[in-house]
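Chain by chain, the residues run as shown.
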Amino acid sequence: MNFSDINAVLGRIKTARGLKTEREIAPLLGLSPQDFSNRKKRGTLRPLIAEWAADEGLNVSWILGGEKEARDESGRVREPGGQLWTPLDPETVLQVMTD
């Protein structure tokens, strides 16, 4: 997985949820605006974003890395190679991120 810079990641969250500002992302992650800002500066948002995206059933590869998302006729997300996407549990996502 190619990890994009945090601003690109936050941009994909805004796109996925129809948000206009980063301040609107903080409550999605269960954070205050100040905590969100601090974590962004420290570079510690990715694990929270990965867990949130998995819990929401979003394509974690797309949110974190920008890999193209595709949906079939029923609206199910498919990976770029055509495989049906299966949400990863947060523990697996965090393990992959730290390896």
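Refer to the structure printed above.
Residues numbered from 1 in each chain as written. Predicted model: local features only at pLDDT ≥ 70, side-chain atom pairs only at ≥ 80, totals over all residues. Heavy atoms only, no water.

Draft legend 1. Structural detail: the overall build of the chain. Across its full length, the chain holds six helices and two strands. Burial status across the chain gives 32% buried among its 99 residues. Carbon and sulfur atoms make up 49% of the accessible area of the chain, which totals about 5900 Å². (Helix = DSSP H or I, 4+ residues; strand = E, 2+ residues; numbered from the N terminus. Buried < 20%, exposed > 50% of the residue type's maximum accessible area, 1.4 Å probe, protein only. Areas by Shrake-Rupley, 256 points an atom, 1.4 Å probe, with all protein chains shown as cover.)

Draft legend 2. A look at the pattern of salt bridges. Tallying each qualifying case throughout the model produces three salt bridges. Here Asp35 ties to Arg39 by a salt bridge, and the two come within 3.2 Å at their closest N and O atoms. Taken together, the residues Asp35 and Arg39, both in helix α3 (residues 33-42) and four residues apart, mark about one turn of the helix. (Salt bridge = Lys/Arg side-chain N within 4 Å of Asp/Glu carboxyl O.)

Draft legend 3. Structural view of helix α4 (residues 46-55). For α4, the complete set of buried residues consists of Ile49, Ala50, Trp52, Ala53 and Ala54. In the stretch just after α4, Gly57 is the one whose phi turns positive, near 75°.

Draft legend 4. Looking closely at the environment of Gly65. Counting through the fold element by element, Gly65 comes out in helix α5 (residues 60-65). Given a relative accessible area of 8%, Gly65 falls into the buried group. For the pair Gly65 and Asp5, spaced 60 residues apart in the sequence, the C-alpha separation amounts to 8.5 Å.

Draft legend 5. Spotlight on the environment of Val9. Take Val9: it is sitting in helix α1 (residues 6-17). Residue Val9 is classed as buried on the basis of its relative accessible area of 0%. A sequence separation of 40 residues divides Val9 from Ile49, and the C-alpha atoms of the two residues are 8.8 Å apart.

Draft legend 6. Structural view of the nonpolar core. Core analysis: the biggest nonpolar cluster contains 21 residues, and Leu29, Phe36, Ile49 and Ile63 have the highest contact counts within it. Of all the elements in the fold, those that place two or more residues in this core are α1, α2 (25-28), α4 and α5. Ranked by residue count, the leading element in this core is α4, at five residues. Residues contacting Ile63, with those up to four places away along its chain left out, are Val9, Arg12, Ile13, Ala16, Ile49, Ala53 and Leu58. (Core = buried A, V, L, I, M, F, W, Y, C linked by side-chain atoms within 4.5 Å. Contact = heavy atoms within 4.5 Å.)

Spatial relationships are all this shows, so hold off on functional conclusions.
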